Every structure is written in C-alpha cells, then in structure tokens.
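# A look at the structure
Here are the chains, one letter per residue:
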Amino acid sequence: MKQEIVIEVQMKCEKCRTKAMRLAASTHGVNSVSLGGKDKTELIVIGDVDSVNLTNILRKKVGYAKIAQVKEKKEKKEEKEESYPVQLYPTPIVLYDRWASDNNSSCSIM
C-alpha cells in the first residue's frame, strides 16, 4: 500500500535539507522524496514506509520533525486503447510457364 507522507521538519539551511532528503531516500520502501511548503520545510515521501519510524529517524539526525499528513496514494490505472490485430497476408507469387504457350509437341532444339 503506497502512502504519501508529509513530514514537517525544522530545516534552516540547504545542508539540513540535503541530509533530511538523503535519510528519507535511504529508508527501505521509499519510492520518491521531495520538498514542499512555502519555506521548503515539508518533506513529501511516497512509498510503502512506516511513517512513525521515518519521523523518529529524522528527529534523531536532523532536528524537530512531526507528521503533518498521511494519505493513501492511489495508483492510476492506464486505460488501454482498443487495438485491432493486424493481419499480414503473404504476397502471392505468380509463376509463368514459358513453355505453356507453345502447343508444339516438337523439340525446341531442332
């Protein structure tokens, strides 16, 4: 079950943002990580991951972190276009018998 988890993390500098994104991306089950919010203080994680465990890891390594939102990510089903099978027919080969037009029963050598 894929989830979209929004975690508010106290990140003051670019180095902290990079560290938080690296920690989140290295967690087992994470498919994508991005920054969100107006100050880029929200970490958006998509994947099959334990949100509480991820938040605790971020608290230990980066600083204050809290879960803002967890929602189930629905997968989009791709609609298949109707395709009709293509049938390829072989090209007919026409063989001409050059001797069929001659009704002579005589030998051609003579």
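Coordinates for the structure precede this section.
Residues numbered from 1 in each chain as written. Predicted model: local features only at pLDDT ≥ 70, side-chain atom pairs only at ≥ 80, totals over all residues. Heavy atoms only, no water.

### Re the overall build of the protein chain
Scanning the protein chain for helices and strands turns up two helices and four strands. In the protein chain, the succession of helices and strands from N to C terminus is β-α-β-β-α-β. Considering the protein chain as a whole, with its 110 residues, one finds that 23% of them fall into the buried category. Sequence separation of at least 24 residues holds for 60% of the intrachain contacts in the protein chain that already meet a minimum separation of 6. A total accessible area of about 9,600 Å² is found for the protein chain, and carbon and sulfur atoms account for 51% of it. (Helix = DSSP H or I, 4+ residues; strand = E, 2+ residues; numbered from the N terminus. Buried < 20%, exposed > 50% of the residue type's maximum accessible area, 1.4 Å probe, protein only. Contact = heavy atoms within 4.5 Å. Areas by Shrake-Rupley, 256 points an atom, 1.4 Å probe, with all protein chains shown as cover.)

### Brief notes about a nonpolar patch on the surface
A contiguous nonpolar surface patch, about 220 Å² in accessible area, is contributed by Val52, Ile67 and Val70. Judged by relative accessible area, Val70 falls into the partly exposed class, the value being 41%. (Patch = residues over 30% accessible without salt bridge, like charges linked within 9 Å, V, L, I, M, F, W, Y side chains within 5 Å. Salt bridge = Lys/Arg side-chain N within 4 Å of Asp/Glu carboxyl O.)

### Quick notes on the sheet that holds strand β1 (residues 3-9)
Hydrogen bonding along the main chain pairs the strands of a sheet, whether they run parallel or antiparallel. Taken together, four strands build an open sheet; the order of strands is β2-β3-β1-β4 and the sheet is antiparallel. Only two strands of the sheet have a single neighbouring strand rather than two, namely β2 (30-36) and β4 (65-72). Taking each pair of neighbouring strands and ignoring which way they run, the sheet shows an average axis angle of 20°. With six bridges connecting them, β1 and strand β3 (residues 42-47) associate as antiparallel partners. (Pairing = 2+ DSSP bridges. Axes fitted to C-alpha atoms, helices over the stretch in contact; angles between N-to-C directions.)

### Quick notes on the pattern of salt bridges
In this structure the tally under the stated criterion is one salt bridge. With its nearest N and O atoms 3.6 Å apart, the salt bridge here joins Arg17 to Glu14. Remark: Glu14 and Arg17 occur in helix α1 (residues 14-26); sequence separation between them is three residues, near one turn of the helix. Exposure remark for Arg17: the relative accessible area of 14% places this residue in the buried category. Of the residues examined, Glu14 reaches a relative accessible area of 54% and is grouped as exposed.

### Examining the nonpolar core
Ranked by internal contacts, the top residues of the largest apolar core, which has 14 residues, are Ile7, Val9, Leu43, Val45, Leu54 and Leu58. Looking at this core, the elements that each hand over two or more residues are β1, α1, β3 and α2 (51-61). Among residues more than four places away in sequence, those in contact with Leu58 are Ile7, Val9, Ala20, Leu23, Leu43, Gly63 and Ala65. (Core = buried A, V, L, I, M, F, W, Y, C linked by side-chain atoms within 4.5 Å.)

### Let's talk about a positive patch on the surface
Together, Lys15, Lys19, Arg22, Lys60 and Lys61 give the surface a local cluster of positive charge. Elements that contribute at least two residues to the positive patch include exactly α1 and α2. When residues of the positive patch are assigned to their parent elements, the largest contribution, three residues, is made by α1. Residue position: Lys60 is located in helix α2. (Lys, Arg positive; Asp, Glu negative; His and termini not counted. Charge placed at Lys NZ, Arg CZ, Asp CG, Glu CD.)

### Points about unusual backbone geometry
Here Lys40, not a glycine, exhibits a phi torsion of approximately 55°, which is positive. Here Lys40 lies in the loop between β2 and β3.

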